[in-house]
Amino acid sequence: MIHLFREAAALQTALDSRKLRFCFIGGIAVQHWGEPRTTRDIDISVFTGFGGEEAVVDALLGAYAGRIADARAFALVHRVLLLATSQGIEVDVALAALPFESEMIDRAALAELEPGTTLRLCSAEDLFVLKAFADRPRDRADLVGIARRRGNQLDWEAILGRLEPLAAAKDQPGILDSVRELRDAERA
């Protein structure tokens, strides 16, 4: 895990040097906010807005190798840039553009994940929203871990308020019911 955190710190330095707005999400954020688990990749959200994707993609492809044959074209269509560090660590860069994503990056804060390695992480509430929205088995398990570890420190109203428009856009209002059930179980 230490190697992963160091690679994430190097990526953070590269993004800072390019004056990009970003925060770490996914498994790295789970290490801090949830139940620590094995993770082998780096997930990060970089704000591009709509129309600024090409400049960010090109800058990152100038510093990191793409993991697929035409990583640039894939990123511009799917809004995810698939990179690899020089040490072979996979990096998934979400090209953020939505107001929630911009606000998530604004709310991000530095957290020390190991002595001497401080990374800009999304908040626990924003990680919860991302995991609930993705709604995959691993994400559901992470939600339980975040709720257990953070407990009453979580701002459940903020979570539900941020998640509601995303669940509506996905046309899956059941996501909100699942979050409410988890909240109620943690409060009991």
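Treat the numbers as computed from the prediction; the structure is a model and nothing was measured.

Participant: Honestly, the side chain of K131 in this entry has me stumped. Any pointers?
Facilitator: Counting through the fold element by element, K131 comes out in helix α6 (residues 124-134). Judged by relative accessible area, which is 7%, K131 ranks as buried. Once residues lying within four places of it in the same chain are set aside, the contact partners of K131 are G26, V30, R37, D139, D142 and L143.

Participant: Mind showing me how you'd approach the nonpolar core here?
Facilitator: Counting 59 residues, the largest nonpolar core has F24, I28, I42, I44, V93, L121 and F128 as the members making the most contacts within it. Not counting the four nearest positions on each side in its chain, I28 is found in contact with L4, F5, A8, T39, D41, I42, L113, L119 and L121.

Participant: Sorry if this is basic, but what is going on with helix α5 (residues 99-107) here?
Facilitator: Turn by turn, an α-helix covers 3.6 residues, leaving residues three or four places apart pointing in a common direction. Within the span of α5, buried status applies to F100, E101, S102, M104 and I105. The inward-facing, buried residues of α5 contact β1 (22-25), β2 (41-47), β5 (90-96), α6 and α8 (156-170).

Participant: I would appreciate a short explanation of the packing of helix α2 (residues 26-33) against helix α7 (residues 137-150) in the present structure.
Facilitator: Pairs of packed helices are described in terms of their axes, by the angle between the two and the distance that separates them. In the contact formed by α2 and α7, the axes pass within 9 Å of each other and the chain directions differ by 30°. Comparing their axes, α7 and α2 come out roughly parallel. The two elements α2 and α7 cross, and the hand of that crossing is left-handed. Contacts between α2 and α7 pair V30, Q31, H32 and W33 from the former with D142, I146, R149 and R150 from the latter.

Participant: Help me understand the pattern of salt bridges, please; the structure alone is not making it clear to me.
Facilitator: Side chains that differ in sign of charge can pair as their charged atoms come close. According to the stated counting rule, one finds 19 salt bridges in the structure shown. The partner of E90 in a salt bridge is R67, with the nearest N and O atoms 3.9 Å apart. Residue E90 is located in strand β5, and its partner R67 is located in the loop between β3 (65-66) and α4 (71-78); the two are separated by 23 residues in the primary sequence. Take E90: its relative accessible area is 40%, and that puts it in the partly exposed class. Notably, a salt bridge pairs D139 with K131, separated by 3.1 Å at the nearest N-O pair. One continuous salt-bridge network, built from bridges that share partners, spans R37, K131, R136, R138, D139 and D142.

Participant: How should the environment of I28 be read in this particular structure?
Facilitator: As for its position among the elements, I28 is in helix α2. Expressed as a C-alpha distance, the spacing of I28 and R138, which sit 110 residues apart in the sequence, is 14 Å.

Participant: Before we go on, may I ask you to explain the packing of aromatic side chains in this structure?
Facilitator: By convention here, two paired aromatic rings are described through the distance between centres and the angle between planes. One pass over the structure, following the stated rule, counts 2 aromatic pairs. Aromatic pair F22 and F24: ring centres 6.2 Å apart, planes at 90°, arrangement edge-to-face. Each member of the pair, F22 together with F24, is buried. Here R21 stacks its cationic end above the ring of F47, 4.9 Å away from the centre of that ring.

Participant: Explain the pairing of strand β6 (residues 109-114) to me, please; I cannot follow it from the model alone.
Facilitator: Two faces belong to every sheet, and in a regular strand the side chains alternate between them. Where β6 and strand β7 (residues 117-121) come together, 5 bridges link them in antiparallel fashion. Residue pairing across strands places A111 opposite L119, the latter belonging to β7.

Participant: What is the right way to look at the side chain of S123 in this model?
Facilitator: Inspection of the secondary structure puts S123 in the loop between β7 and α6. A distance of 3.0 Å separates a polar atom in the side chain of S123 from the backbone nitrogen of D126. Residues in contact with S123, not counting those within four places in the same chain, are W33 and R162.

Rules behind the numbers
Residues numbered from 1 in each chain as written. Predicted model: local features only at pLDDT ≥ 70, side-chain atom pairs only at ≥ 80, totals over all residues. Heavy atoms only, no water. Helix = DSSP H or I, 4+ residues; strand = E, 2+ residues; numbered from the N terminus. Buried < 20%, exposed > 50% of the residue type's maximum accessible area, 1.4 Å probe, protein only. Contact = heavy atoms within 4.5 Å. Core = buried A, V, L, I, M, F, W, Y, C linked by side-chain atoms within 4.5 Å. Axes fitted to C-alpha atoms, helices over the stretch in contact; angles between N-to-C directions. Parallel < 35°, antiparallel > 145°, perpendicular 65-115°, else oblique. Left-handed = near helix turned anticlockwise from the far one by under 90°. Salt bridge = Lys/Arg side-chain N within 4 Å of Asp/Glu carboxyl O. Phe/Tyr/Trp six-rings, centres within 6.5 Å; stacked < 30°, edge-to-face > 60°. Lys NZ or Arg CZ within 6 Å of the ring centre and 35° of its normal. Pairing = 2+ DSSP bridges. Polar contact = N/O pair within 3.5 Å; in protein donor to acceptor, adjacent residues only side chain to side chain.

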